[in-house]
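Below are the chains, spelled out letter by letter.
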Amino acid sequence: METVNIFETKQKPAKHGVKKSFPVIGMTCASCASSVESILLHTDGVNSASVNFASSSVLVDYDEAVSEEKLQNVLREVGYDIIIDTEDPSEVQQELQQKHYQDIKNRTIWSAILTLPIFIFGMFYMDWVPGKWISLVLTFPILFWFGRSFFINAYKQARHGKANMDTLVALSTGIAFIFSVFNTFFPEFWLSRGIEPHVYYEAATVIITFISLGKLLEEKAKSNTSSAIKKLMGLQPKTLKIIENGEEKEIPISSVQVGQTILVKPGEKIPVDGLVSKGSSYVDESMITGEPVPVEKTKDEKVFAGTVNQKGSFQFVAKKVGSGTLLSQIIKMVQEAQGSKAPVQKLVDRIAGIFVPVVLGISIITFIVWMLVGGDDGFSQALLTSVAVLVIACPCALGLATPTAIMVGIGKGAENNILIKDAESLELGYKVNAVILDKTGTITEGKPLVTDILWKDKIENQIEYQQILLAIEAQSEHPLADAVVKLLKEENIEQAEIDSFESIIGKGVKAQTENGAKYFVGNHKLMLEKNIQIDGSLMKTAEGLEDQAKTVIFFGDEKQVLAILAIADKIKETSKMAIATLQERGIEVYMLTGDNNKTASAVAKQVGITNYQGEVMPSDKAAFVEKLQADGKIVAMVGDGINDSHALAQANVSIAMGRGSDIAMDVAKMTLITSDLQSIPKALELSKRTVLGIRQNLFWAFIYNIIGIPIAAGVLYPINGFLLDPMIAGAAMAFSSVSVVANSLRLKRVKL
């Protein structure tokens, strides 16, 4: 059995300087993210810069001599901005994002309202002169007010010598509009040449409306990216109670100092990291370890900020406060992991970077050629053919190729209990060749249950003993006692009366009934200490259960052990099958858990995983993800706890179990509603089918352009005298969009 030691994995040493994440304002597409990154990288004193377009943030590593104002000014010069000098920049960014989303929403709604009559005039009353004038009036605000961002962004891209989908939208709609205005004001120019002066207001406005709708959906997804960090911050209480001169005093968390003694009562969150100095309790540390069983804390034991105290009260001495706490480190690591991923340039934007200049070049060449060979009608034919080239090369088919396939894919995922939050994970999923699984709540159920209860042979009065056991466990503060109580109550066992109850720290409990009989519930050490005899067959069974990574509890009177109980976190029925399916597809499966190595080994063996590691901290999980990525792997991380959030943010594809923590689900790009691991192979298969659909769409969009653009340019004219009317070009463009949407809808019929 191979054991992967992730503790040898270390982060790359960063260059000396300040490393900080800033919210970015003004980015409208992946090309903008690339521009922001490029501008910062070429700034003196900046060692590295990585923009995350999805979270509208940039992670900058810069020399201490460089001021934040300098970084801000460099970006302001080219139309972008970063948020600095605020108490909570993420709060400011969220407000701005919400405002921006509302602005796009209003613009999309108004564009659609104004486009409807233009579309009706253009399709059904194209020769009605008043309709052309009404369309002109309505088109102006759609293009230059509600659609102004396309023109502004196209201008920004042009200044940096780049072109993207916004460039195509701005050029095609702008030229179609100018051509239509000319035809509205000067129709006799064409009529005198025997040509019908068509207008293309509906083509321009429909493009703006549909692309705006796509931007709206994109912004909605982006506006939720900071909620994970906010929820992590919410784990820390705002105030705490310190013990000063023997008196209890409440102070803000920002005022706490290292060395102060802090009081924590039952149910309260631990505010900072420290060491227990007085008292004892059980603390729920699932946010750090992911393990469901609360941990006993006695004198000199470590406690961590954000974890939850259970039933007892205790005092502890603060050792790490503010940004030094483990919770703060997790928050920082999640922010850095989200910001460290280079922005994925959308396939269509990359294509458009080449396609736009090519189309422009063809359009210009077409105009020049027709001016030279067109004779008396040279100018009119040159103008018509060059505009037809731009209109037929309109980005609708290209623009719809990716989003339509993704929208159908996301819908198909929802039908199969897979919620997909962004397109990037759906596009990347089919490339995944390494899957990392958390143990608790992912492979297992995530809650301790009594799996076995065995009584000593020939024991009498078993029902009476069960009633006594229920009474003892009902009073116990040990977290595993709840599992025993639940089982006995389900069997309708009545609770006996007990006179006295005593907790024996680290070993178990002692109780006495009304008739003076004493009973013990606890571990093997307690039985040995009290000289309680254990039947040989029971002891052999107990050892076998422990080898299966189960916790064994002994129940006995003063003389002998009456029963043993085994408690474990049950493996989900479908886990083994799902893991086998992934391995059959050539995907490497790893298991990382905060639980001990013995438990990790037993669980890994049962589900068929050979690569595993126990006793893993959150940062170790993320470091292991990074190590696999450095080895060229495309990594999917699957988890359900706060402790998984850093690794989820670092992974190429992040998948959360639906019954896990809100924070894991916020950080992850996919959520499995059923918490059934068999949904993982389905999600990866869905990605494969969706990407295939995107490629087919792009293929047809390009075939259409390869055939349509030369025809629009007039290559058939020398053969049969055919020239493509821009109106027909517009119809052909619409047909290409319909074919792309129809192809995407085929995905609905695919079985996963």
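Parameters at a glance
Residues numbered from 1 in each chain as written. Predicted model: local features only at pLDDT ≥ 70, side-chain atom pairs only at ≥ 80, totals over all residues. Heavy atoms only, no water. Helix = DSSP H or I, 4+ residues; strand = E, 2+ residues; numbered from the N terminus. Buried < 20%, exposed > 50% of the residue type's maximum accessible area, 1.4 Å probe, protein only. Core = buried A, V, L, I, M, F, W, Y, C linked by side-chain atoms within 4.5 Å. 1 Å grid on protein atoms, 1.4 Å probe; cavity = no way out; pocket = protein on both sides within 12 Å on 5 of 7 lines; lining within 4 Å. Points joined across faces, edges and corners; volume = space filled by probe spheres on them. UniProt positions renumbered as here; feature names shortened; annotations may be inferred. Pairing = 2+ DSSP bridges. Right-handed = clockwise from strand over helix to strand, strands pointing away. Phe/Tyr/Trp six-rings, centres within 6.5 Å; stacked < 30°, edge-to-face > 60°. Lys NZ or Arg CZ within 6 Å of the ring centre and 35° of its normal. Contact = heavy atoms within 4.5 Å.

Undergrad: Would you mind showing me how to read the overall build of the protein here?
TA: Helix and strand counts for the protein come out as 28 helices and 26 strands. Scored against the burial criterion, the 752 residues of the protein give a buried share of 51%.

Undergrad: Would you explain the nonpolar core in this entry?
TA: Within soluble globular proteins, side chains that are nonpolar tend to cluster in buried spots. By size, the foremost hydrophobic cluster in this structure holds 39 residues, and its most contacted members are Leu437, Ile443, Ile609 and Ile680. Top element by residues in this core is helix α26 (residues 679-713). It accounts for 6 residues. Within the second largest apolar cluster, 28 residues are counted, among which are Ile468, Val485, Ala511 and Val521.

Undergrad: What am I meant to see in empty space enclosed by the protein here?
TA: Picture a little ball the size of a water molecule; that probe, rolled over the atoms, points out where space is still empty. Enumeration according to the criterion identifies 5 cavities of 30 Å³ or more in this entry. Roughly 60 Å³ of volume is contained in the second largest cavity.

Undergrad: Looking at this structure, how should I read the UniProt feature "transmembrane region" (unreviewed entry) in the protein?
TA: The UniProt record marks residues 108-126, 132-155, 167-186, 198-217, 351-373, 379-402, 698-720 and 726-745 with the feature "transmembrane region" (unreviewed entry), using the residue numbering of this structure. Each end of residues 167-186 is marked by a C-alpha atom, and these two atoms are 28 Å apart; helix forms 95% of the span and strand 0%. Taken as a whole, residues 698-720 contains 87% helix and 0% strand, while its terminal C-alpha atoms sit 30 Å from one another.

Undergrad: Looking at this structure, I do not really get the pairing of strand β22 (residues 588-592). What am I missing?
TA: A regular strand carries its side chains on alternate faces of the sheet. The element β22 is largely enclosed, with a buried count of 4 among its 5 residues. Across 5 bridges, the pairing between strand β15 (residues 434-438) and β22 is parallel. Residue Val435 lies in a different strand from β22, and its bridge partner there is Val589. For β22 and strand β23 (residues 611-613), the ladder comprises 3 bridges, and the chain directions are parallel. Across the sheet, residue Met591 finds its bridge partner in β23, namely Tyr612. Assessed by its sense of winding, the connection that carries the chain from β22 through helix α22 (residues 597-607) to β23 is right-handed.

Undergrad: I'm lost on the packing of aromatic side chains in this one. Help?
TA: For any pair of aromatic rings, the description rests on two quantities: the centre-to-centre distance and the angle between the ring planes. For the coordinates displayed, the defined rule picks out 18 aromatic pairs. A ring pair is formed by Phe22 and Tyr62, whose centres lie 6.3 Å apart and whose planes are at 35°; its orientation type is tilted. On the criterion of sequence distance, the pair formed by Phe22 in strand β1 (residues 18-25) and Tyr62 in strand β3 (residues 57-62) is long-range, its members being 40 residues apart. Each member of the pair, Phe22 together with Tyr62, is buried. Of the aromatic side chains, those joined through ring pairs into one cluster are Trp133, Phe182, Phe185, Phe186 and Phe189. Seen from the ring of Trp145, Arg148 lies directly overhead, with NZ or CZ sitting 4.1 Å from the centre.

Undergrad: In this structure, what is going on with the environment of Asn492? I would like to understand it.
TA: Within the secondary structure, Asn492 is located in the loop between α18 (481-490) and β17 (498-504). Exposure remark for Asn492: the relative accessible area of 66% places this residue in the exposed category. Taking the C-alpha atoms as reference points, Asn492 and Gln467, separated by 25 residues in sequence, lie 9.9 Å from one another.

Undergrad: How should the environment of Gly556 be read in this particular structure?
TA: Inspection of the secondary structure assignment puts Gly556 in strand β20 (residues 551-557). Among residues more than four places away in sequence, those in contact with Gly556 are Tyr519, Phe520, Val561 and Leu562.

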